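Architecture and fold: a report
As a plain string of letters, each chain reads:
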Amino acid sequence: MGYIPEEYLRKIIRDILLGLSELHRQDIVHLDIKPGNILKGKNGNYKLGDLGMARFLTKITEEVNIPEGDCRYLASELLSRDVLSHLPDLKKSDIFSLGITAYELITLLDLEKNGPEWRSLRNGSFDYPSEVKELYSNELLEVIRVMLSEHTDDRPNADQLLSSVFKSTEQRTIEHL
């Protein structure tokens with residue numbers, strides 16, 4: 001498999017953001033976003049699958065533990081021992097997981113479950129490989145970096161991303177007229 005063209009990658013991310021936006025509006029968090037849970041429909045749209053770890057935010061505080069998805073895609077705030085006493089913005093944790101998914105898709109790397117790369121992605125000290133910088137726009141690379149911000153307050157929500165960087169082709173065409 002080779003590099004994914006930017007427009008195609010933008011469509012994948014946009015479609016998943018549309019699903020996340022709807023889930024988040026209903027106060028549901030997915031908690032297990034990763035490439036294996038992104039499904040392509042017959043109509044060419046992408047959908048977020050495997051809602052087995054999804055939770056209503058109102059129910060999270062009643063649980064002893066927040067369910068954890070694949071550790072390669074988890075935001076660091078979900079790995080804290082004090083996660084229930086200091087409940088993070090779990091909607092922003094979903095954004096982080098989507099950012100890690102996008103990072104894996106553009107770099108073609110198989111992410112490790114721990115180690116230096118894993119830590120650098122969680123503390124914002126990573127850099128993109130040179131071939132990735134040549135293939136993708138600075139705008140896309142920067143928004144993925146922001147999605148991977150170490151602090152939840154620095155990450156945009158799904159609606160913010162949809163209204164700025166991940167507008168539909170139709171929306172971008174209308175704006176250029």
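Everything here concerns the structure above.
I will try to describe carefully the structure that is included in this document. (Residues numbered from 1 in each chain as written. Predicted model: local features only at pLDDT ≥ 70, side-chain atom pairs only at ≥ 80, totals over all residues. Heavy atoms only, no water.)

A word on the overall build of the protein chain
What counts here: Helix and strand assignments follow DSSP, with helices taken as H or I runs no shorter than four residues and strands as E runs no shorter than two, numbered in order from the N terminus. Think of it in three bands: with a 1.4 Å probe and only protein chains considered, a residue is buried below 20% of the maximum accessible area for its type, exposed above 50%, and partly exposed in between. Areas reported as accessible are Shrake-Rupley estimates using a 1.4 Å probe. Residue values count occlusion only from the protein chains shown.
Counting secondary structure elements, the protein chain contains 8 helices and 4 strands. Written out in order from the N terminus, the α and β elements of the protein chain read α-β-β-β-β-α-α-α-α-α-α-α. Counting the 177 residues in the protein chain, one finds 47% classified as buried. Accessible surface computed for the protein chain: about 9400 Å², of which carbon and sulfur atoms make up 51%.

Describing helix 6 (residues 138–147)
For an α-helix, 3.6 residues make a turn, and residues three or four places apart therefore share a direction. The following threshold applies: Taking the helix axis as origin, the arc is that swept by the directions to the C-beta atoms.
The complete set of buried residues in helix 6 reads Leu 140, Leu 141, Val 143, Ile 144 and Met 147. Down the axis of helix 6, the sector holding all buried residues measures 165°, keeping them to one side.

What to know about helix 4 (residues 116–123)
Basically, it comes down to this: Contact definition: two residues touch when any of their heavy atoms are within 4.5 Å.
Three or more residues of helix 4 are buried, namely Trp 118, Ser 120, Leu 121 and Arg 122. Buried residues in helix 4 make contact with helix 3 (90–107). Directly after helix 4, the chain includes Gly 124, whose backbone phi takes a positive value near 75°.

Here we look at the environment of Leu 79
Among the secondary structure elements, Leu 79 is positioned in the loop between helix 2 (57–60) and helix 3. In sequence terms Leu 79 and Glu 68 are 11 residues apart; their C-alpha atoms lie 8.5 Å from each other. The contact partners of Leu 79, leaving out residues within four places of it in the chain, are Glu 68, Leu 74 and Trp 118.

A few points about the pattern of salt bridges
Defined as follows: One side-chain nitrogen of Lys or Arg within 4 Å of one carboxyl oxygen of Asp or Glu is enough to make a salt bridge.
In the structure shown here, the tally under the stated rule is 10 salt bridges. For Arg 10, the salt bridge identified is with Glu 6, shortest N-O distance 3.0 Å. Of this pair, Arg 10 and Glu 6 both sit in helix 1 (residues 6–25), 4 residues apart, roughly one helical turn. Take Arg 10 and Glu 6: they sit in the same class, and that class is buried. Measuring nitrogen to oxygen at the nearest pair gives 4.0 Å for the salt bridge that ties Asp 70 to Lys 34. Taken together, the positions of Asp 70 in the loop between helix 2 and helix 3 and Lys 34 in the loop between strand 1 (28–29) and strand 2 (38–40) put the pair 36 residues apart, joining distant regions of the chain. Residues joined by salt bridges that share partners form a network here, namely Glu 6, Arg 10 and Glu 139.

Quick word on the side chain of Ser 149
Cut-off, in case you're wondering: Under the rule applied, a polar contact is a pair of N or O atoms within 3.5 Å (in protein, one hydrogen donor and one hydrogen acceptor; residues adjacent in sequence only if both atoms are side-chain atoms).
Relative to the helices and strands, Ser 149 resides in the loop between helix 6 and helix 7 (158–163). Among the polar contacts made by the side chain of Ser 149, one reaches the main-chain carbonyl oxygen of Val 146 at a distance of 2.8 Å.

A word on the nonpolar core
Put simply, the rule is: In plain words, nonpolar cores are sets of buried Ala, Val, Leu, Ile, Met, Phe, Trp, Tyr and Cys residues tied together by side-chain atoms within 4.5 Å.
Core analysis: the biggest nonpolar cluster contains 41 residues, and Leu 17 and Ile 144 have the highest contact counts within it. Those elements that provide at least two residues to this core are helix 1, strand 3 (46–48), helix 3, helix 6 and helix 7. For this core, the leading source of residues is helix 3, giving 8 residues. Apart from residues lying up to four places away in sequence, Leu 17 is in contact with Ile 95, Leu 98, Ala 158, Leu 161, Leu 162 and Phe 166.

Considerations on the side chain of Asp 94
Cut-off, in case you're wondering: Under the convention used here, Asp and Glu are negative, Lys and Arg are positive, and both His and the chain ends fall outside the count.
Relative to the elements of secondary structure, Asp 94 occurs in helix 3. Within the buried core, Asp 94 has no salt-bridge partner, and the shortest N-O distance to an opposite charge, that of Arg 155, equals 9.0 Å. A distance of 2.9 Å separates a polar side-chain atom of Asp 94 from the backbone nitrogen of Leu 31. In contact with Asp 94, other than residues within four places in its own chain, are Leu 20, His 24, Val 29, His 30, Leu 31 and Ile 33.

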